[in-house]
Amino acid sequence: MIKERGSLAASCQLLTTLGVDVVECFAVMELKDCKASKKALIVDDLIATGGSLAASCQLLTTLGVDVVECFAVMELKDLNGRQKVPSKVVSLLEF
Ligand SMILES: O=P(O)(O)OC[C@H]1O[C@H](OP(=O)(O)OP(=O)(O)O)[C@H](O)[C@@H]1O
Ligand SMILES: Nc1ncnc2[nH]cnc12
């Protein structure tokens with residue numbers, strides 16, 4: 001997930017409220033690990049306006065990382081956020 005430091009707990013709580021069994025949370029990648037020629041799957045809890053995923057893609061692409069796909073648990077379809085995202089977008093739940 002692309003998160004501010006310290007906000008992972010709130011994301012887990014939201015998913016639990018929705019009935020998702022959060023088995024484990026782990027931080028996979030920090031910016032220092034993002035190197036050119038690496039591939040990335042970006043996972044976030046929500047795609048609303050698409051601004052967060054678009055900015056994340058842009059940042060990683062600037063670092064030379066190949067963003068293969070973006071995955072979001074929830075997508076607010078009416079906001080058309082996926083149109084801003086330059087990579088393939090997959091979401092689990094649509095509202
Ligand atoms: O598609 P967007 O319009 O960018 O919205 C989606 C983002 O909004 C939420 O984060 P938020 O900014 O609320 O902060 P958080 O990381 O503390 O959850 C959510 O976790 C996504 O990262
Ligand atoms: N439109 C939205 N609804 C709920 N949570 C959000 N977080 C960021 N944008 C949001």
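Residues numbered from 1 in each chain as written. Chains lettered and ligands numbered in written order. Predicted model: local features only at pLDDT ≥ 70, side-chain atom pairs only at ≥ 80, totals over all residues. Heavy atoms only, no water.

1. Thoughts on the environment of Cys12
Link 1 in the chain: Tracing the chain through its elements places Cys12 in helix α1 (residues 8-17).
Link 2 in the chain: Through-space distance from the C-alpha of Cys12 to that of Ser91 is 17 Å; in sequence the pair is 79 residues apart. (Helix = DSSP H or I, 4+ residues; strand = E, 2+ residues; numbered from the N terminus.)

2. Quick notes on the pattern of salt bridges
Link 1 in the chain: Applying the stated criterion to the full structure yields four salt bridges.
Link 2 in the chain: Two residues, Lys88 and Glu69, come together in a salt bridge whose shortest N-O distance is 3.5 Å. In this pair, Lys88 sits in strand β3 (residues 88-94) while Glu69 sits in strand β2 (residues 66-75), placing the two residues 19 residues apart along the sequence.
Link 3 in the chain: The class of Lys88 is exposed, set by a relative accessible area of 52%.
Link 4 in the chain: A relative accessible area of 21% places Glu69 in the partly exposed class.
Link 5 in the chain: Here Lys77 ties to Glu94 by a salt bridge, and the two come within 3.7 Å at their closest N and O atoms. Taken together, the residues Lys77 in the loop between β2 and β3 and Glu94 in strand β3 connect sequence positions 17 residues apart. (Salt bridge = Lys/Arg side-chain N within 4 Å of Asp/Glu carboxyl O. Buried < 20%, exposed > 50% of the residue type's maximum accessible area, 1.4 Å probe, protein only.)

3. Focus on the confidence of the model for the chain
Regions with low pLDDT should not have their predicted coordinates read in detail.
Link 1 in the chain: Mean pLDDT for the chain: 84, with 83% of residues reaching 70 or above.
Link 2 in the chain: Taking the mean pLDDT of every element in the chain, the minimum, 78, falls on α1 and the maximum, 97, on β3.
Link 3 in the chain: Scored as a complex, the prediction yields pTM 0.78 and ipTM 0.92. (pLDDT = per-residue confidence, 0-100.)

4. Re the pairing of β2
Link 1 in the chain: Pairing of strand β1 (residues 39-47) with β2 involves eight bridges; the strand directions are parallel. In the sheet register, Ile42 faces β2, and the bridge partner there is Cys70.
Link 2 in the chain: Running through helix α2 (residues 51-62), the crossover from β1 to the neighbouring parallel element β2 is right-handed.
Link 3 in the chain: Sheet topology places β2 next to β3; six bridges connect them, and they run parallel. Residue pairing in the sheet places Ala72 in a bridge with Ser91 of β3. (Pairing = 2+ DSSP bridges. Right-handed = clockwise from strand over helix to strand, strands pointing away.)

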